[in-house]
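Per-entry structural report
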Amino acid sequence: MEVKERIESLRKLMEEKGITAYIIPTYDAHQSEYLADYYKARVWISGFTGSAGTLVVTQDEAILWADGRYWIQAANQIAGSGIELYKMGDTGVLTYQEYLKNKLNDGDTIGFDGKVFPQSDLIKLKDKLGIKDVEFIEDYDLVGQIWTDRPEVPKEKAFVLDVKYAGKTPKEKLEEVRRE
């Protein structure tokens, strides 16, 4: 399936679920720096393989935000796909939050996979949208519904790092989290 077909399949699911704009970030459930292939939804749907970026899809637009490390790579990899590149950090370029504020109307919906979308990003998005009456739908991994040959979730066992590397024992870390 080509990128254009993937975007169109996503749009059909968005329409079925009543989602106006769908955000596909570059995250896993732990906000890891390096993602397992299973979590590379933005890579799979857009064709852009850089390690950072956010894709927002609406019924009439698909926009990829990439930082300066990836402007040339992103432009080359999304060429002809119908996805537009917004160069993060470039003068006058809106953030995806600003774009959504300008694009959406009261009553519209923003969807994302709540298992990987960070709470901090949601707070920032809500703050940017201000008084707009927009609903958030975090229940659907829409990309996962169309990614038929998606790699499996990693099944490697976790391991404990020695205190000399971790700084504290697992027990100390857990106690610290519980106090917070």
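This text follows the structure it describes.
Now for a quick tour of the structure. Please read all numbers here as calculations on a predicted model, not as lab measurements.

The next point concerns helix α4 (residues 96–103). Three- or four-residue spacings in an α-helix give side chains the same orientation, since the helix completes a turn every 3.6 residues. For α4, the full list of buried residues reads Tyr96, Gln97, Tyr99 and Leu100. Taken down its axis, α4 places every buried residue within 160 degrees of arc, on the same side. On its buried face, α4 is in contact with β1 (21–24), β2 (54–58), β3 (62–66), β4 (84–87), β5 (109–111) and α5 (119–129).

Glancing now at the environment of histidine 30. Residue position: histidine 30 is located in the loop between β1 and α2 (41–46). Judged by its relative accessible area of 67%, histidine 30 falls in the exposed class. Sequence-wise, histidine 30 and arginine 150 are 120 residues apart; in three dimensions their C-alpha atoms are separated by 19 Å.

Before going further, it helps to spend a moment on the side chain of threonine 26. Examined against the element boundaries, threonine 26 turns out to sit in the loop between β1 and α2. Overall, threonine 26 belongs to the buried group, its relative accessible area being 15%. A distance of 2.9 Å separates a polar atom in the side chain of threonine 26 from a polar atom in the side chain of arginine 42. At 2.5 Å, the side chain of threonine 26 and the backbone oxygen of glycine 53 are in polar contact. When sequence neighbours within four positions are dropped, the list of residues in contact with threonine 26 reads Leu35, Arg42, Ser51, Ala52 and Gly53.

Here we come to the side chain of arginine 150. On the secondary structure map, arginine 150 appears in the loop between α6 (142–146) and α7 (163–166). A relative accessible area of 17% places arginine 150 in the buried class. Separated by 2.8 Å, the side chain of arginine 150 and the backbone oxygen of tyrosine 38 make a polar contact. Other than its neighbours up to four places away in sequence, arginine 150 contacts Tyr38, Tyr39, Ala41, Asp141 and Gly144.

This next bit is on a nonpolar patch on the surface. There is a patch of nonpolar side chains on the surface, built from Phe159, Leu161 and Tyr165 and spanning about 410 Å² of accessible area. As for its placement among the helices and strands, leucine 161 is situated in the loop between α6 and α7. The class of leucine 161 is partly exposed, set by a relative accessible area of 49%.

Once that is clear, we can look at the layout of surface pockets. Approximately 420 Å³ is the volume attributed to the largest pocket. Contributing to the lining of the largest pocket are 23 residues, with Tyr27, Ala52, Gly53, Thr54 and Met88 lying nearest its centre. Of all the secondary-structure elements, those providing two or more residues to the lining of the largest pocket are β3, α4 and α5. Here the lining of the largest pocket is built from residues that sort into nine nonpolar, nine polar and five charged.

Criteria and cut-off values
Residues numbered from 1 in each chain as written. Predicted model: local features only at pLDDT ≥ 70, side-chain atom pairs only at ≥ 80, totals over all residues. Heavy atoms only, no water. Buried < 20%, exposed > 50% of the residue type's maximum accessible area, 1.4 Å probe, protein only. Helix = DSSP H or I, 4+ residues; strand = E, 2+ residues; numbered from the N terminus. Arc of directions from axis to C-beta. Contact = heavy atoms within 4.5 Å. Polar contact = N/O pair within 3.5 Å; in protein donor to acceptor, adjacent residues only side chain to side chain. Patch = residues over 30% accessible without salt bridge, like charges linked within 9 Å, V, L, I, M, F, W, Y side chains within 5 Å. Areas by Shrake-Rupley, 256 points an atom, 1.4 Å probe, with all protein chains shown as cover. Salt bridge = Lys/Arg side-chain N within 4 Å of Asp/Glu carboxyl O. 1 Å grid on protein atoms, 1.4 Å probe; cavity = no way out; pocket = protein on both sides within 12 Å on 5 of 7 lines; lining within 4 Å. Points joined across faces, edges and corners; volume = space filled by probe spheres on them. Nonpolar A, V, L, I, M, F, W, Y, C, P; charged D, E, K, R; others polar.

Function-wise, these values are silent; they only describe arrangement.
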